[in-house]
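Chain by chain, the residues:
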Amino acid sequence: VSPSIKKITGYTQEEALARPLDKTFTEETMSTIQEVFTEEMARESDPTEEKNEDFLTRSRKLEFEQFHKDGHTFWTELTLSFMRDENNKAISILSVTRDITERKNAEQALKKESEKFQKLFHHSTTVMTYSNFRTGKYVEVNQAFVTATGFDRKDAIGKSIDDLDLWGSPKD
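Basis of the calculations
- Residues numbered from 1 in each chain as written.
- Predicted model: local features only at pLDDT ≥ 70, side-chain atom pairs only at ≥ 80, totals over all residues.
- Heavy atoms only, no water.
- Helix = DSSP H or I, 4+ residues; strand = E, 2+ residues; numbered from the N terminus.
- Expected span 1.5 Å × (residues − 1).
- Buried < 20%, exposed > 50% of the residue type's maximum accessible area, 1.4 Å probe, protein only.
- Arc of directions from axis to C-beta.
- Contact = heavy atoms within 4.5 Å.
- Pairing = 2+ DSSP bridges.
- Phe/Tyr/Trp six-rings, centres within 6.5 Å; stacked < 30°, edge-to-face > 60°.

1. Digging into helix α4 (residues 27-45)
Thought 1: Taking 1.5 Å of rise per residue, 19 residues should cover 27 Å, and α4 covers 27 Å from first to last C-alpha, within 8% of that figure.
Thought 2: Along α4, the residues that are buried comprise Thr-29, Met-30, Ile-33, Val-36, Glu-40 and Glu-44. An end-on view of α4 places all buried positions within 130 degrees of arc, on one side of the element. Seen from the buried face of α4, the exposed residues on the opposite side, beyond 90 degrees, are Glu-27, Glu-28, Thr-38 and Ser-45.
Thought 3: At its buried positions, α4 is contacted by α3 (21-24), α5 (53-56), β1 (59-67), β2 (73-84) and β3 (90-99).

Here it is, written out as C-alpha coordinates:
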(Lines give C-alpha, C1' and ligand atoms only; values in the text may rest on other atoms or scores of the structure.)
Protein backbone atom coordinates (compact mmCIF):
# COMPACT_ATOMS: atom_id res chain seq x y z
CA VAL A 1 0.00 0.00 0.00
CA SER A 2 1.39 3.36 -1.03
CA PRO A 3 1.75 6.16 1.54
CA SER A 4 -0.48 8.27 -0.75
CA ILE A 5 -3.43 6.19 0.50
CA LYS A 6 -3.70 8.59 3.45
CA LYS A 7 -4.28 11.54 1.12
CA ILE A 8 -7.03 9.70 -0.75
CA THR A 9 -8.79 7.79 2.05
CA GLY A 10 -7.67 9.42 5.29
CA TYR A 11 -6.31 6.07 6.51
CA THR A 12 -2.65 5.34 7.18
CA GLN A 13 -1.03 2.43 5.34
CA GLU A 14 -1.43 0.25 8.42
CA GLU A 15 -5.08 1.20 8.91
CA ALA A 16 -5.86 0.61 5.23
CA LEU A 17 -4.25 -2.85 5.27
CA ALA A 18 -6.16 -3.83 8.42
CA ARG A 19 -9.50 -2.54 7.18
CA PRO A 20 -11.92 -5.20 5.81
CA LEU A 21 -13.11 -4.63 2.24
CA ASP A 22 -16.76 -4.43 3.31
CA LYS A 23 -15.83 -1.49 5.56
CA THR A 24 -13.82 0.15 2.76
CA PHE A 25 -16.33 -0.01 -0.07
CA THR A 26 -20.08 0.58 -0.32
CA GLU A 27 -22.44 -2.39 -0.54
CA GLU A 28 -23.00 -1.85 -4.28
CA THR A 29 -19.26 -1.65 -4.87
CA MET A 30 -18.69 -4.85 -2.88
CA SER A 31 -21.19 -6.61 -5.12
CA THR A 32 -19.31 -5.41 -8.22
CA ILE A 33 -15.95 -6.43 -6.74
CA GLN A 34 -17.24 -9.95 -6.07
CA GLU A 35 -18.67 -10.18 -9.59
CA VAL A 36 -15.44 -9.00 -11.25
CA PHE A 37 -13.28 -11.23 -9.07
CA THR A 38 -15.45 -14.26 -9.90
CA GLU A 39 -15.24 -13.46 -13.65
CA GLU A 40 -11.48 -13.03 -13.57
CA MET A 41 -10.86 -16.17 -11.54
CA ALA A 42 -13.07 -18.13 -13.95
CA ARG A 43 -10.95 -16.85 -16.84
CA GLU A 44 -7.80 -17.86 -14.99
CA SER A 45 -8.99 -21.43 -14.56
CA ASP A 46 -10.64 -21.78 -18.00
CA PRO A 47 -8.63 -24.38 -19.95
CA THR A 48 -9.99 -23.03 -23.27
CA GLU A 49 -8.67 -19.51 -22.57
CA GLU A 50 -5.53 -18.82 -24.61
CA LYS A 51 -2.85 -17.73 -22.14
CA ASN A 52 -1.14 -15.29 -24.52
CA GLU A 53 0.59 -12.00 -23.68
CA ASP A 54 -2.69 -10.03 -23.79
CA PHE A 55 -4.28 -12.47 -21.37
CA LEU A 56 -1.33 -12.47 -18.98
CA THR A 57 -0.97 -8.67 -18.89
CA ARG A 58 -4.64 -7.73 -18.91
CA SER A 59 -6.06 -5.24 -16.45
CA ARG A 60 -9.51 -4.01 -15.49
CA LYS A 61 -10.34 -0.36 -14.93
CA LEU A 62 -13.32 0.08 -12.63
CA GLU A 63 -15.04 2.92 -10.83
CA PHE A 64 -15.86 2.30 -7.19
CA GLU A 65 -17.46 4.27 -4.40
CA GLN A 66 -15.69 3.91 -1.09
CA PHE A 67 -15.68 5.29 2.43
CA HIS A 68 -13.29 7.98 3.64
CA LYS A 69 -12.07 7.82 7.21
CA ASP A 70 -14.24 10.83 8.09
CA GLY A 71 -17.36 8.91 6.93
CA HIS A 72 -18.16 10.51 3.56
CA THR A 73 -18.08 8.46 0.38
CA PHE A 74 -15.98 9.32 -2.62
CA TRP A 75 -15.33 7.87 -6.07
CA THR A 76 -12.15 6.12 -7.12
CA GLU A 77 -10.93 4.56 -10.30
CA LEU A 78 -9.08 1.32 -9.69
CA THR A 79 -6.87 -0.29 -12.30
CA LEU A 80 -6.50 -3.92 -11.30
CA SER A 81 -4.06 -6.46 -12.70
CA PHE A 82 -2.70 -9.80 -11.59
CA MET A 83 0.81 -10.21 -10.26
CA ARG A 84 2.20 -13.53 -11.51
CA ASP A 85 4.85 -15.99 -10.45
CA GLU A 86 7.53 -17.50 -12.72
CA ASN A 87 4.91 -19.97 -14.06
CA ASN A 88 2.50 -17.13 -14.92
CA LYS A 89 0.14 -18.20 -12.17
CA ALA A 90 -1.83 -15.31 -10.64
CA ILE A 91 -0.60 -14.87 -7.07
CA SER A 92 -1.91 -11.43 -6.10
CA ILE A 93 -3.67 -8.36 -7.44
CA LEU A 94 -2.00 -5.02 -8.04
CA SER A 95 -4.35 -2.08 -7.64
CA VAL A 96 -3.66 1.48 -8.71
CA THR A 97 -6.20 3.90 -7.25
CA ARG A 98 -6.99 7.49 -8.07
CA ASP A 99 -9.67 9.80 -6.73
CA ILE A 100 -12.20 10.67 -9.46
CA THR A 101 -14.76 12.44 -7.26
CA GLU A 102 -14.40 15.76 -9.12
CA ARG A 103 -14.93 14.04 -12.47
CA LYS A 104 -17.97 12.13 -11.19
CA ASN A 105 -19.45 15.36 -9.77
CA ALA A 106 -18.89 17.13 -13.09
CA GLU A 107 -20.54 14.22 -14.95
CA GLN A 108 -23.53 14.38 -12.60
CA ALA A 109 -23.86 18.15 -13.06
CA LEU A 110 -23.67 17.75 -16.83
CA LYS A 111 -26.32 15.03 -16.71
CA LYS A 112 -28.65 17.30 -14.70
CA GLU A 113 -28.16 20.16 -17.16
CA SER A 114 -28.74 17.83 -20.10
CA GLU A 115 -31.98 16.58 -18.54
CA LYS A 116 -33.09 20.16 -17.95
CA PHE A 117 -32.31 21.05 -21.58
CA GLN A 118 -34.19 17.97 -22.81
CA LYS A 119 -37.29 18.94 -20.81
CA LEU A 120 -37.19 22.52 -22.10
CA PHE A 121 -36.63 21.36 -25.68
CA HIS A 122 -39.34 18.71 -25.75
CA HIS A 123 -41.97 20.67 -23.81
CA SER A 124 -41.51 24.03 -25.51
CA THR A 125 -44.52 25.32 -27.43
CA THR A 126 -42.09 26.83 -29.93
CA VAL A 127 -41.00 24.64 -32.85
CA MET A 128 -37.46 23.52 -32.09
CA THR A 129 -35.13 21.27 -34.03
CA TYR A 130 -31.56 20.12 -33.65
CA SER A 131 -29.80 19.48 -36.96
CA ASN A 132 -26.43 18.25 -38.11
CA PHE A 133 -24.61 21.37 -39.35
CA ARG A 134 -22.89 19.60 -42.27
CA THR A 135 -25.80 17.54 -43.59
CA GLY A 136 -28.77 19.64 -42.48
CA LYS A 137 -30.48 16.46 -41.30
CA TYR A 138 -32.57 16.54 -38.14
CA VAL A 139 -31.02 14.90 -35.11
CA GLU A 140 -33.97 15.77 -32.86
CA VAL A 141 -37.30 17.57 -33.14
CA ASN A 142 -39.74 18.59 -30.42
CA GLN A 143 -43.47 17.99 -30.05
CA ALA A 144 -44.27 21.50 -31.33
CA PHE A 145 -42.50 20.56 -34.59
CA VAL A 146 -44.59 17.39 -34.85
CA THR A 147 -47.79 19.34 -34.23
CA ALA A 148 -46.90 22.14 -36.67
CA THR A 149 -45.65 19.92 -39.52
CA GLY A 150 -47.71 16.77 -39.12
CA PHE A 151 -44.57 14.62 -39.36
CA ASP A 152 -43.95 11.97 -36.72
CA ARG A 153 -40.74 12.50 -34.82
CA LYS A 154 -39.31 9.19 -36.09
CA ASP A 155 -40.14 10.15 -39.68
CA ALA A 156 -38.41 13.54 -39.40
CA ILE A 157 -35.18 12.45 -37.69
CA GLY A 158 -32.49 11.71 -40.25
CA LYS A 159 -34.19 13.86 -42.88
CA SER A 160 -33.56 17.45 -43.90
CA ILE A 161 -35.96 20.34 -44.52
CA ASP A 162 -35.66 19.60 -48.24
CA ASP A 163 -36.29 15.88 -47.73
CA LEU A 164 -39.53 16.73 -45.92
CA ASP A 165 -40.36 19.52 -48.38
CA LEU A 166 -41.15 21.83 -45.46
CA TRP A 167 -40.57 24.99 -47.47
CA GLY A 168 -42.55 23.73 -50.43
CA SER A 169 -41.44 24.21 -54.00
CA PRO A 170 -40.77 27.72 -55.38
CA LYS A 171 -44.04 27.51 -57.34
CA ASP A 172 -46.11 27.12 -54.14
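2. A short note on the pairing of strand β5 (residues 138-141)
Thought 1: Both strand β4 (residues 129-131) and β5 contribute to a ladder of three bridges, which runs antiparallel. Of the residues in β5, the one forming a bridge with Thr-129 is Val-141.
Thought 2: Between β4 and β5, which pair antiparallel in sequence order, lie six residues; one of them, Gly-136, sits at a positive phi of approximately 75 degrees.

3. Points about the packing of aromatic side chains
Thought 1: Tallied over the entire structure, the rule returns three aromatic pairs.
Thought 2: Ring centres 5.9 Å apart and planes at 35 degrees place the aromatic pair Phe-117 and Phe-121 in the tilted group. Of the two residues, Phe-117 and Phe-121 both sit in helix α6 (residues 101-123), four residues apart, roughly one turn of that helix.
Thought 3: With relative accessibility at 47%, the residue Phe-117 sits in the partly exposed group.
Thought 4: Residue classification places Phe-121 among the buried residues on the basis of a relative accessible area of 4%.
Thought 5: Geometrically, the ring pair formed by Tyr-138 and Phe-145 is edge-to-face, given 5.3 Å between the ring centres and 65 degrees between the ring planes.
Thought 6: With a relative accessible area of 2%, Phe-145 lands in the buried category.

4. Remarks on the environment of Trp-75
Thought 1: Summarising the element assignment, Trp-75 is placed in strand β2.
Thought 2: Judged by relative accessible area, which is 25%, Trp-75 ranks as partly exposed.
Thought 3: A sequence separation of 27 residues divides Trp-75 from Glu-102, and the C-alpha atoms of the two residues are 8.5 Å apart.
Thought 4: For Trp-75, the residues in contact, after removing those within four places along its chain, are Glu-63, Phe-64, Glu-65, Arg-98, Asp-99, Ile-100, Thr-101 and Lys-104.

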